[in-house]
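Geometric and topological summary
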Amino acid sequence: MTLDPSAIVARHHGDASRLVQILHDVMAVEGHVAPPVITALARALGLPRGQVEGVVEFYSFFSSEPRGRFRVLFSDNITDEMAGSHELRKHMLDSFRLQPGEVSRDGLVSIGTTSCTGLCDQGPAMLVNDRAIPRLTPARIGAITSLIRGDVPVDRWPDNLFPIASHVERRDLLLSTELSPGAAIDAAIARGAAATIEEITRSGLRGRGGAGFSTGTKWAACASAPGPERYIVCNADEGEPGTFKDRELLAAHADLLFEGMTVAGFAVGASKGILYLRAEYPFLVEPLLATLEARRRAGLLGERVRDAFAFDIELHVGAGAYVCGEESALIESLEGKRGIPRNRPPYPVTHGYLQKPTVVNNVETLVAAALVATHGAGFLRAVGTPKSSGTKILSVSGDVARPGIYEYPFGVSVQQVLDDAGAVDTQAVQVGGPSGMLLSASELHRRIAFEDVPSAGAFMVFDGSRDMLAVVENFTRFFAHESCGFCTPCRVGTTLSAQMMKRVVSGTGSRRDVKDLAKVSNLMRATSHCGLGTTAGNPVLDALAKFRPSFDKRLRSLEVLPTFDLDEALAPAREATARDDEGAHFTNQTSQAEKP
Amino acid sequence: MSTEKPRPTFQMDGHDVPFDEGQSILAAALAAGRYVPYLCYHPEFQPHGSCKVCTVKINGRTHASCTTPAHEGDVVESNVDELNDMRKGLVQFLFTEGNHFCPSCEASGNCTLQAVGYDLGMTSAHYSPLFPDRPLDASHPEVLLDFNRCILCELCVRASALVDKKSVFSLAGRGIQKHLVVNAESGKLADTELSVDDKAMSVCPVGVILRKRRGFQVPIGERKYDEHPIREVAVQKQKGE
Amino acid sequence: MSPDVKEVKKKLRVATTSLAGCFGCHMSLLDIDERLVPLLDLIELDSSPLTDIKHCGPCDLGLIEGGLCNAENVHKLREFRAHCKILVAVGACAINGGLPAQRNHLDIRECLQTVYLTGLGVERGFIPNDPELPLPLKQVHPLHDVVKIDYFLPGCPPSADAIWQFLTDLIAGRTPKLGHGLIHYD
Ligand SMILES: Cc1cc2nc3c(=O)[nH]c(=O)nc-3n(C[C@H](O)[C@H](O)[C@H](O)COP(=O)(O)O)c2cc1C
Ligand code: SF4
Ligand code: SF4
Ligand code: SF4
Ligand code: FES
Ligand code: FES
């Protein structure tokens, strides 16, 4: 296939807001977006070239430089790491004689890492070109290595590499209620738009994506915002490491989700919905498109839904950027731009997608909304706690016997979840992912609820054998990789934190590093522009408060240690001078000259 | 402009600050002669809100003052140790991130970043410098770009797009890799439409976009912040308008 | 900072050194002119380019100009840290590497090769490998990358007035503070 940029642009009706989708099409043909292609796209779309270049370089799944014909990306969540991903990656790099990120000389393969791919219940996982492969073992890595060596196209690889398993271990309201397609829409029409919003409000439904905002209030604000056009956006970015519950909902309950989006469209007066799906879930694209098509055929989407209103849903695929889960960055991404969170106010409910009133809701929120529309507010109110009605779907992973999906009424204790999942000797639980809360063994009585321990769904368990500092180091690396770079505190703070944690974990950290880690984390928390930066310091601050001895054990007596390896810093000069005498090294003796 | 109705006010560090409907805390404070340190704000452009040096506490919570509209009765803290420490931390982040060798910088003495550093009593960047590798662009006959000092404030991006209508500058990359790019396939300034009388030439708060052969013309002692600290210069400029 | 400093009865023992610096900061110290006399009533010099003492003994105060360019710089810095109660990074080079750090994006191997082997006018070149010579570090570093620094006195060089202000503050037991006109990064 040869690349014709203007044909691709024409296929997207020359619509600059579709730039991210256009770049996916270019990547699919060429594996990268070369500088002349950037120029051609910019011209065809009427955009400044620099803006297109900016978008290409923002998303980690796009690249302006050639990568391998086989682009291997190991998922780098802590659960992958615990399941041995670093060793597997090293093994694969060695067998191709490659450095991380390097492209082999024949252009065959490049091997790197990517943030959590949402397969934590079946890791370690990787992405190869656009396919996800779970449950990596040395044997599977061996098979993959041979296939790459043989230059076998990924779509001809054996089927047994790809299946994504579904591990639903506990079902409650959402996962056990069947709904015939159209039932929620009919109920909403019967009740009327305003009354539907009221019903949602009375159900006490709060956003499941993290912030816990009242869904009814959000819908009402959008419905009453001035202007003829409105949008419903479903946030299926699910980028928080350790979260994979939307994956399950999208795979097994897509009809219910689309039902919820359609109800939302009816209720607020929107005729268009957009599902923003993370690029790490390519295996969901075909099934979701098929479900949408089936619903169109059934008259549940399109110009005349149930002869009452117009509503259709479009699928947008992200491109590897956690920050695009933040609702205003997501909207920017939908408009074909870099995913930079907007200044607020104004909020998306009045100035969202294309500056029009927009509802952004999480997948689980919209599924719950469909059920409330059908069965009424009491359906949700009957379970959970007064402040957190309904249920929460948790993605349980890490040191448990049965990782997978667990749905509980709000108010369930952390210990209960651990018991059900078969956890023993639990040292810590990271609830809500790196941006959430790190709980120590003394806090397991606490409850999953907005008023106690809120969770967007992640529940990662660490037993007594785990090094909690290595866990925190993984999280700081994640934030540094995912910071959008817009604001000073997060752009610089996440990188400095990752560097300092790396020193601490490797035993070359000093007391100054620990002091600075707290300082940097607090500065990010107080001054960052969006939720990524304000929460990026959480793992460090939680660990300092709850696992302080782990830090102290790792530190040496000096308040300050060199921030770099002194002896290694002489290596290039040693090489150039062919010296290896004592003076060409830093020995331990020299450092003893220094008093604490 | 005089109106019958008294303007609404908020409190900043115990003083009443009048404001117009929709005005930001920062703009109102500067107009009233109360300095709040800032870097990415410019009165002629929509506020950007990226440097966060203008952070204040409004009714007890931290916000960037340049992007937050004032409300009647707001209680704002600004010139207090806690906030000045945060600001100093942010300025230290910027010095840590880039390569700022003031002694050899043409902007020295006229540089906002440096002047804010002085104002906050910053004597070192504190952290281990990142020493990024950012080659210069000397391709343009009249303009030199020294990316080492870019603080990613997007003022040149905004000026070139909105005033000059050329979009010569954009930002690319993510996180700490984020960087300024010019609008040319070659990546070279010479291949863009930039001309020396563009607005984009005059907005950079630091020493990135430089006229060739014009450096170090103002003698030390007479540069923008030599005689008066930025705390005074910034509010004089506002008052003069 | 240190309670000892307040007791002025005993003279403050001060060591100074220049690492990867240009002696500009030392020149500036001498520039405090007529104030040098009262200053010498308050301090006595230990190891310094201004004295003959080779190695630093126990001192109250160490003033270091210049950054860390090679192994010897690091050893000297550690010697100072071990012997000085208060260590001050003086000048731009000590604080952020300064001018020498502008080589940091170059490969030091290639630099040595260019200078000694392939450069213009080099005949029969060889890269000096005498064990007496200190090896250059991969990158030039500020002092605080290797040891704890108690105070930073910026400027290239800091003005004589700034140095005077700084020292008199320290000697009087105040936290040194440089106001407008005295604090400079250039
Ligand atoms: C960095 C960041 C990442 C986020 N990622 C997601 C996500 O992947 N999915 C999601 O639903 N919400 C995410 N959110 C929260 C959204 O901004 C928004 O609050 C949510 O989508 C609203 O939907 P809800 O009210 O149904 O929860 C994220 C927020 C931040 C700050
Ligand atoms: S906090 Fe981080 S992710 Fe959010 S805007 Fe700032 S740099 Fe971007
Ligand atoms: S831009 Fe400002 S802070 Fe940076 S080197 Fe130049 S004068 Fe110094
Ligand atoms: S070049 Fe100057 S104006 Fe442009 S983004 Fe960088 S610092 Fe801002
Ligand atoms: S001036 Fe307000 S964020 Fe930069
Ligand atoms: S030696 Fe004094 S500033 Fe460089």
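This write-up is about the structure you can find in this document.

What counts and what doesn't
- In this numbering scheme, every chain counts its residues from 1 along its sequence in written order.
- Lettering of chains starts at A and numbering of ligands starts at 1, both following the order in which they are written.
- pLDDT decides what is reported in this predicted model: residues at 70 or higher carry local features, side-chain atom pairs at 80 or more are listed and counted, and totals for whole chains, interfaces and linings draw on all residues regardless.
- Side-chain numbers here rest on the full set of heavy atoms in the structure, without hydrogens or water.
- Relative accessibility decides the category of a residue: with a 1.4 Å probe and only protein chains considered, values under 20% of the type maximum give buried, values over 50% give exposed, and everything between is partly exposed.
- Helix and strand assignments come from DSSP, with helices taken as H or I runs of at least 4 residues and strands as E runs of at least 2, each series counted from the N terminus.
- For two strands to pair, DSSP has to find at least two bridges joining them.
- Note on definitions: a residue-residue contact is assigned when non-hydrogen atoms from the two residues lie within 4.5 Å.
- In this analysis, axes come from line fits to C-alpha atoms, helices being fitted only over the stretch in contact, and the angle between any two N-to-C directions falls in the range 0 to 180 degrees.
- Buried area is understood as the total, over both parts, of accessible area removed when two parts are fitted together, assessed with a 1.4 Å probe.
- Counted as salt bridges are all cases of a side-chain nitrogen of Lys or Arg within 4 Å of a carboxyl oxygen of Asp or Glu.
- Pairs of N or O atoms are called polar contacts if they sit within 3.5 Å, as long as, within protein, a hydrogen donor faces a hydrogen acceptor (for residues adjacent in sequence, only side-chain-to-side-chain pairs).
- We call a set of buried residues a nonpolar core when its members are Ala, Val, Leu, Ile, Met, Phe, Trp, Tyr or Cys and they connect through side-chain atoms within 4.5 Å of each other.

1. Focus: the pairing of strand 3 (residues 59-65) of chain C
Residues and elements named next belong to chain C. Judged by how many residues are buried, strand 3 sits mostly within the fold: seven of seven residues are covered. Pairing analysis gives six bridges linking strand 3 to strand 5 (residues 84-90), with the strands arranged parallel. Following the sheet pairing, leucine 61 is matched in strand 5 by isoleucine 86.

2. A look at the environment of histidine 32 of chain A
Residues and elements named next belong to chain A. Along the chain, the position of histidine 32 falls in the loop between helix 2 (19-30) and helix 3 (35-45). Considered as a pair, histidine 32 and phenylalanine 61 are 29 residues apart in the sequence and their alpha carbons are 9.3 Å apart. Discounting residues that sit within four places of it in the chain, histidine 32 has contacts with Val26, Met27, Ser63, Ser64, Glu65 and Pro66.

3. Focus: the sheet that holds strand 2 (residues 109-114) of chain A
Residues and elements named next belong to chain A. Reading across from one edge, 2-1-3-4 is the order of the four strands in this open sheet, with mixed pairing throughout. The strands lining the two open edges of the sheet, one partner per strand, are strand 2 and strand 4 (131-133). For this sheet, the mean angle separating the axes of adjacent strands, direction not counted, is 25 degrees. Where helix 6 (residues 85-96) meets the sheet, it contacts strand 1 (70-75), strand 2 and strand 3 (126-128), and its direction lies at approximately 165 degrees from that of strand 2. Packed onto the sheet, helix 7 (residues 138-149) meets strand 1, strand 2, strand 3 and strand 4 and runs at close to 160 degrees relative to strand 1.

4. As for the interface of chain B and chain A
Chain B puts 39 residues into the contact, and the matching count from chain A is 43 residues. Its largest share of buried area at the contact with chain A, chain B owes to Phe93, Arg174 and Glu185 of chain B, together 24% of the area lost on that side. Our count for the chain B to chain A interface comes out at three salt bridges. Two residues, glutamate 154 of chain B and arginine 338 of chain A, come together in a salt bridge whose shortest N-O distance is 3.7 Å. Run the count over chain B and chain A and you get 20 residue pairs in polar contact (both at pLDDT 80 or more).

5. Quick look at the nonpolar core
Judged by nonpolar contacts, the single largest core of 243 residues is most densely connected at Tyr59, Trp219 and Leu257 of chain A together with Phe169 of chain B. Top element by residues in this core is helix 13 (residues 254-268) of chain A. It accounts for ten residues. If we skip the residues at most four places from it in the chain, tyrosine 59 of chain A touches Val20, Tyr276, Ala319, Gly320, Ala321, Cys324, Ser333, Lys337, Arg338 and Gly339 of chain A together with Arg174 of chain B. Of all hydrophobic cores here, the second largest spans 33 residues; its members include Leu19, Phe80, Leu143 and Ile149 of chain C.

6. Comments concerning the sheet that holds strand 12 (residues 404-409) of chain A
All names here are of chain A. Taken in spatial order, the six strands line up as 5-12-11-15-13-14 in an open sheet, and their pairing is mixed. Either end of the sheet is taken by a strand with one partner, and the two such strands are strand 5 (168-170) and strand 14 (437-440). On average, each strand axis in the sheet is inclined to that of its neighbour by 25 degrees, with strand direction left out of account. In this structure, strand 5 lies alongside strand 12, joined through two bridges in parallel fashion. From the neighbouring strand, arginine 170 faces strand 12, where its bridge partner is tyrosine 406. The strands touched by helix 18 (residues 414-421) are strand 5, strand 11 (391-398), strand 12, strand 13 (426-431), strand 14 and strand 15 (458-463); relative to strand 12, the strand with the most contacts, the crossing angle is about 140 degrees.

Read these as layout, nothing more, since geometry by itself doesn't imply function.
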